[in-house]
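Chain and residue survey
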Amino acid sequence: MAIKSGKNALFTEINITPLTDIFLVLLIIMMVVAPTFQSTNNQVTIPEINNGTSIEERNATVCVTQNGSIYLNDKMISAENLALELEKIKPSLQKQEVVVRADEKTKTAVIMDIMDAAQEAQYKKLVIAGEPLTKKTQRMLEDKNKKLDAEGS
């Protein structure tokens, strides 16, 4: 619709106010509806990390399997002796930090016990690895520990 004013001049600009109103209403509707699309499942599975800083293997590495077994540098250990063992290996480490690698289904209480043990052994830093232990790594640790037990008996 052209508006004439003055000497046969046409007003050819488009009024975008109604268009803006429509987009704002759609935005508000999407903001209200979007949370309902999210899953409310309580079983959280942590995704594997593709990027990030690499973890040096020269540190004290504590691995926790799905069944709660704790390994310090590939050697099975009990939660009660973890602080003592961390203290023993502390002089041989380049950095005074503990790396915790745990299965995605590990209970938080086990991780808290590891944190307490590291604090008791006076480590400067604790790193929790972002990716969970794979099933293959868990089997490898368990097989290695069974071999050590067989040799020790």
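This next bit is on the confidence of the model for the chain. Scored by pLDDT, the chain comes out at a mean of 77, with 78% of its residues at no less than 70. Ranking the elements of the chain by mean pLDDT puts strand E1 (residues 3-5) last with 58 and helix H1 (residues 17-37) first with 90. Within the model, pLDDT remains below 50 along residues 40-47, and this stretch shows 4 contacts once partners closer than five positions in the same chain are excluded.

Counted under the stated rule, the structure contains 2 salt bridges. Put simply, Glu 85 and Lys 88 hold a salt bridge, and the shortest N to O gap is 3.5 Å. One end of the pair is Glu 85 and the other is Lys 88, both in helix H2 (residues 82-89) and 3 residues apart, which spans about a single turn. Between Glu 97 and Lys 125 there is a salt bridge, with the nearest N and O atoms lying 4.0 Å from each other. In this pair, Glu 97 sits in strand E6 (residues 97-102) while Lys 125 sits in strand E7 (residues 125-128), placing the two residues 28 residues apart along the sequence. For Lys 125, a relative accessible area of 46% puts it in the partly exposed group.

In terms of nonpolar packing, the biggest core is built from 20 residues, with Ala 60, Val 62, Leu 72, Leu 82, Leu 86, Val 98 and Tyr 123 touching the most fellow members. Put simply, the parts of the chain that give this core at least two residues each are strand E3 (60-64), strand E4 (70-72), H2, E6 and helix H3 (108-120). In this structure Tyr 123 touches Ala 60, Leu 86, Ile 89, Lys 90, Leu 93, Gln 96, Glu 97, Val 98 and Ala 118, once residues within four positions along its chain are discounted.

Our focus in this paragraph is the pairing of E7. Two elements, E6 and E7, share 4 bridges in a ladder whose sense is parallel. Of the residues in E7, the one forming a bridge with Glu 97 is Lys 125. Once the chain exits E6 it traverses H3 before rejoining the sheet at E7, and the crossover so formed is right-handed.

Next up on the list: the sheet that holds E6. Strand order in the open sheet made by the 5 strands is E5-E4-E3-E6-E7, with mixed pairing throughout. Single-partner strands in this sheet number two, and they are strand E5 (75-77) and E7. Direction aside, neighbouring strands of the sheet carry axes that sit 25° apart on average. By the bridge criterion, 5 bridges tie E3 to E6 in an arrangement that is parallel. In the sheet register, Ala 60 faces E6, and the bridge partner there is Val 98. Contacting E3, E4, E5 and E6, H2 crosses the sheet at an angle of about 15° to E4. Across the sheet, H3 touches E3, E4, E6 and E7, and the angle it forms with E7 is around 155°.

Criteria and thresholds
- Residues numbered from 1 in each chain as written.
- Predicted model: local features only at pLDDT ≥ 70, side-chain atom pairs only at ≥ 80, totals over all residues.
- Heavy atoms only, no water.
- pLDDT = per-residue confidence, 0-100.
- Helix = DSSP H or I, 4+ residues; strand = E, 2+ residues; numbered from the N terminus.
- Contact = heavy atoms within 4.5 Å.
- Salt bridge = Lys/Arg side-chain N within 4 Å of Asp/Glu carboxyl O.
- Buried < 20%, exposed > 50% of the residue type's maximum accessible area, 1.4 Å probe, protein only.
- Core = buried A, V, L, I, M, F, W, Y, C linked by side-chain atoms within 4.5 Å.
- Pairing = 2+ DSSP bridges.
- Right-handed = clockwise from strand over helix to strand, strands pointing away.
- Axes fitted to C-alpha atoms, helices over the stretch in contact; angles between N-to-C directions.

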